[in-house]
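Topology and contacts: notes
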Amino acid sequence: MTSSRLMAIIFDMDGILIDSEPTWQKAEYQTMRDLGLAISFDDTLQTTGLRIDQVVSYWYQRFPWDDYDNREVAKNIVDQVVSYILKEGAAMNGVVSALNYCQQKKLRIGLATSSSHAIVDAVLNKLDIRHYFNSIQSAEHLAYGKPHPEVYLNCAMELGIAPTECIAVEDSFNGLVAARAANMQTLAIPAQDQQLESKWIIAHHQLQDLTQLHEYLDGKI
């Protein structure tokens, strides 16, 4: 894809704005173990970026259990994550300065997440950053979550910016697939312990954290 002038930036939420991915892993791991699934903590990395109903379905397809109730299991995981966010949620390094920079540069700012509205509200209220966003999109009620591009396309549409003039900031492979499928420019900021993995080559560029965002964007706006 030929690089277009950037007019908008769209952030993923979990692992980009808030340090919640480890909590998702813990909640998912504990819930699945309670259901009798012999998965490891590292196995939960396979579902990073997926919508919660897709996460539950993913494990059920591999290790079916009795009395399957996707909604109940998903709610159990989400409730644990919301509780953590409200008690201990903390912004990722460089979030506020990055948002301020994007606002000062007159970029339209969007949020595109697979997380439910309950988690979105918990994060935006806890970090007090809702006012930065011109569009907030959740895949919760869409036909498909990431890696399907719909949540990104919806965000671009509400921002009034062509997808090719948007850059998506993601920490997951599934999220990057979604953004690439939406024909957006992509920026990967993986978890520290995953930054050397070869799969991030799918992104147009990779940073260590959001403190480097302004240097990367200078000259592209």
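This write-up is about the structure you can find in this document.

Scoring rules and cut-offs
- Residues numbered from 1 in each chain as written.
- Predicted model: local features only at pLDDT ≥ 70, side-chain atom pairs only at ≥ 80, totals over all residues.
- Heavy atoms only, no water.
- Helix = DSSP H or I, 4+ residues; strand = E, 2+ residues; numbered from the N terminus.
- Buried < 20%, exposed > 50% of the residue type's maximum accessible area, 1.4 Å probe, protein only.
- 1 Å grid on protein atoms, 1.4 Å probe; cavity = no way out; pocket = protein on both sides within 12 Å on 5 of 7 lines; lining within 4 Å.
- Points joined across faces, edges and corners; volume = space filled by probe spheres on them.
- Nonpolar A, V, L, I, M, F, W, Y, C, P; charged D, E, K, R; others polar.
- Patch = residues over 30% accessible without salt bridge, like charges linked within 9 Å, V, L, I, M, F, W, Y side chains within 5 Å.
- Areas by Shrake-Rupley, 256 points an atom, 1.4 Å probe, with all protein chains shown as cover.
- Salt bridge = Lys/Arg side-chain N within 4 Å of Asp/Glu carboxyl O.
- Lys, Arg positive; Asp, Glu negative; His and termini not counted.
- Charge placed at Lys NZ, Arg CZ, Asp CG, Glu CD.

With omega at 15 degrees, the peptide bond leading from K146 into P147 counts as cis. Note on placement: P147 falls in the loop between β3 (135–138) and α6 (150–159). Positive phi, close to 55 degrees, is recorded for D128, a residue that is not glycine. Locating D128 in the fold gives a position in the loop between α5 (117–127) and β3. A relative accessible area of 56% places D128 in the exposed class. Despite not being glycine, N183 has its phi angle at roughly 70 degrees, a positive value.

This part covers empty space enclosed by the protein. Under the counting rule described, the total for this entry stands at 1 cavity of 30 Å³ or more. As a volume, the largest cavity reaches approximately 250 Å³. Lining the largest cavity we find 23 residues, and of these E21, W24, T48, G49 and L50 sit closest to its centre. If you list the elements that add at least two residues to the lining of the largest cavity, you get α1 (21–34) and α2 (52–62). Examining the composition of the lining of the largest cavity, we find that 4 residues originate from one element, α1, more than from any other. Each residue belonging to the lining of the largest cavity can be placed in one class, and the counts come to 5 nonpolar, 10 polar and 8 charged.

A cluster of acidic side chains, namely D66, D67, D69 and E72, defines a negative patch on the protein surface. The topology assignment puts E72 in helix α3 (residues 70–88).

The next thing to look at is the layout of surface pockets. Reported here for the largest pocket is a volume of approximately 450 Å³. Of the residues contributing to the lining of the largest pocket, the split by class is 8 nonpolar, 9 polar and 7 charged. Lining the second largest pocket are 15 residues, with I52, R71, A74, S116 and E140 positioned closest to its centre. If you list the elements that add at least two residues to the lining of the second largest pocket, you get α2 and α3. A total of 6 residues in the lining of the second largest pocket trace back to one element, the largest contributor, which is α3.

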